[in-house]
Amino acid sequence: MLLDLFDQLMQRIKANDKVHVSFCVSGIIGCLVVYGILQERIMQEPFEGEQFKYSLLLVLCNRLVTVLVAGGMLVAGGQDLAPVAPPQAYAAVSVSNVVATFCQYEALKHVSFPVQTLGKCAKMIPVMIWGTVIMRKRYNTKDYGVAALVTLGCSVFIMTGDVTSKHAGSNSSMFGVMLMVGYLAFDGFTSTFQDKLFKGYQMTIFNQIMYVQAFSAGFSTLGLISAGQFGDAISFVMRHPSALGSILTLSAAATIGQLFISHTIKTYGALLFATVMTTRQFISILLSCILFAHPLSMGQWVGTVTVFGALYYKTLSKKVEAPSAESSAKTAPDAEAGEAEKAPLVDNQK
């Protein structure tokens, strides 16, 4: 009954292309902005005077919600729940994913959210490096130019103002930056390795998501237990139910956002998705500055504009080259689709 009502609603939305595009854009931006705000709230703001410090619990809850939703989508679509690739293939992608996500959350203990978000914009650099090393891909001068501008903008941002988290020590910002470097390295490796590993397997996106995230949930649990934090993490959310509510809302926003992302890429291609994601990141930085009092210096605004200017140029230049949204959807690189799947679920997680 509910599925029938949902199908009828989607048919009415798809009947008008402008309404359909607005639905996709607002869904992605809305879900991932909520995800970003809650991420900063959980990792940087205390709950009744006590700081949350169990990043792997956040990863675990996120992955469990994703597994449930992906499994539900497979069942609803009448698709086979059996794994398509060998278990070690799912596990290999999962390991680098868990490390990347852990670095992302841990970084917020040491650097501000605008730094973390801007750092994610440099994701194309490790993707290019790993693509060259693993996939033997070749990139043109424009790609290297955009990567150089993004690197320059991030460097200017870091060097011209305060980048430390409000609750971090004065000397911990460099450690936070190193965690973001770790995030970028492992995240870029994940997308490239995933592309290489799953070639040749006829699997749906939900099959891949469900099994990769199931392994991620297992690895996160093992990490919590081996670090002696599992009991403490459970005790924390028992003492602070609002923390559990924020974690579950974050996980739901990330998962629903992924559904919007997958639908948008499938319908309109990676070009629209790239534009929306760049806009979402900029909105997230602005909201963080307003809601969590992160004043930026003039130099940091220059760095921010440089980064997003380069990203918009990259997207608009592709739009000029692509004859239509349909052809761009067909020629869109696997790495961008992989990024969509990872940002919130595997990012950006988102």
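Before any of the text, the structure's been laid out above.
Parameters at a glance
Residues numbered from 1 in each chain as written. Predicted model: local features only at pLDDT ≥ 70, side-chain atom pairs only at ≥ 80, totals over all residues. Heavy atoms only, no water. Helix = DSSP H or I, 4+ residues; strand = E, 2+ residues; numbered from the N terminus. Buried < 20%, exposed > 50% of the residue type's maximum accessible area, 1.4 Å probe, protein only. Core = buried A, V, L, I, M, F, W, Y, C linked by side-chain atoms within 4.5 Å. Contact = heavy atoms within 4.5 Å. Salt bridge = Lys/Arg side-chain N within 4 Å of Asp/Glu carboxyl O. Phe/Tyr/Trp six-rings, centres within 6.5 Å; stacked < 30°, edge-to-face > 60°. Lys NZ or Arg CZ within 6 Å of the ring centre and 35° of its normal. Patch = residues over 30% accessible without salt bridge, like charges linked within 9 Å, V, L, I, M, F, W, Y side chains within 5 Å. Areas by Shrake-Rupley, 256 points an atom, 1.4 Å probe, with all protein chains shown as cover. Expected span 1.5 Å × (residues − 1). Arc of directions from axis to C-beta. Polar contact = N/O pair within 3.5 Å; in protein donor to acceptor, adjacent residues only side chain to side chain.

The residue Leu-184 is located in helix 8 (residues 173-197) in this model. For Leu-184, a relative accessible area of 13% gives the class buried. With 60 residues separating them in the primary sequence, Leu-184 and Met-124 have C-alpha atoms 8.8 Å apart.

Right, let's talk about the nonpolar core for a bit. With 28 residues, the main nonpolar core has Leu-118, Val-150 and Val-307 as its most contacted residues. Among the secondary structure elements, those contributing two or more residues to this core are helix 4 (87-107), helix 5 (113-120), helix 6 (124-134), helix 7 (141-159), helix 8, helix 12 (270-291) and helix 13 (298-321). If we ignore the near neighbours within four places in the chain, the residues touching Val-307 are Leu-118, Cys-121, Val-150, Gly-153 and Cys-154. With 27 residues, the next largest nonpolar core counts Met-43, Phe-52, Leu-60 and Phe-113 among its residues.

Moving on: the pattern of salt bridges. Taken as a whole and judged by the stated rule, the model has two salt bridges. The shortest N-O distance in the salt bridge between Arg-239 and Glu-50 comes to 2.5 Å. With Arg-239 in helix 10 (residues 230-239) and Glu-50 in the loop between helix 2 (17-44) and helix 3 (55-76), the pair connects residues that are 189 residues apart, well separated along the chain. Two residues, Lys-109 and Glu-106, come together in a salt bridge whose shortest N-O distance is 2.8 Å. Note on Lys-109: relative accessible area 21%, which makes it partly exposed. Since its relative accessible area comes to 12%, Glu-106 is described here as buried.

On to the packing of aromatic side chains, then. One pass over the structure, following the stated rule, counts nine aromatic pairs. Ring centres of Tyr-90 and Tyr-211 lie 5.1 Å apart, and the angle between their planes is 35 degrees; this geometry places the pair in the tilted category. Residue Tyr-90 is located in helix 4, and its partner Tyr-211 is located in helix 9 (residues 205-226); the two are separated by 121 residues in the primary sequence. For the pair formed by Tyr-90 and Tyr-211, the shared burial category is buried. Ring pairing ties together the aromatic residues Phe-47, Phe-52, Tyr-54 and Phe-236, which thus form one cluster. The ring of Phe-47 is capped by Arg-41, whose NZ or CZ atom sits 4.0 Å from the centre of that ring.

Attention shifts here to a nonpolar patch on the surface. A contiguous nonpolar surface patch, about 390 Å² in accessible area, is contributed by Ile-225, Phe-230, Ile-234 and Met-238. Ranked by the residues each element gives to the nonpolar patch, the list is headed by helix 10, at three residues. Summarising the element assignment, Phe-230 is placed in helix 10. Judged by its relative accessible area of 34%, Phe-230 is partly exposed.

Let us now look at helix 5. Of all eight residues that make up helix 5, eight are buried, and the element is covered over most of its length. Restricting attention to buried positions, one finds in helix 5 the residues Phe-113, Pro-114, Val-115, Gln-116, Thr-117, Leu-118, Gly-119 and Lys-120.

Quick look at helix 7 now. If you check helix 7, its first and last C-alpha atoms are 27 Å apart, about what 19 residues at 1.5 Å a residue would give, namely 27 Å. For helix 7, the complete set of buried residues consists of Asp-143, Val-146, Ala-147, Val-150, Gly-153, Cys-154 and Phe-157. Down the axis of helix 7, the buried set is contained in an arc of 125 degrees. They therefore lie on one face. For helix 7, the exposed residues set more than 90 degrees away from the buried face come down to Thr-141 and Met-159. Capping the start of helix 7, Asn-140 holds a side-chain oxygen 3.2 Å from the backbone nitrogen of Lys-142, two or three residues further along.

Function cannot be inferred from these measures alone, as they are strictly geometric.
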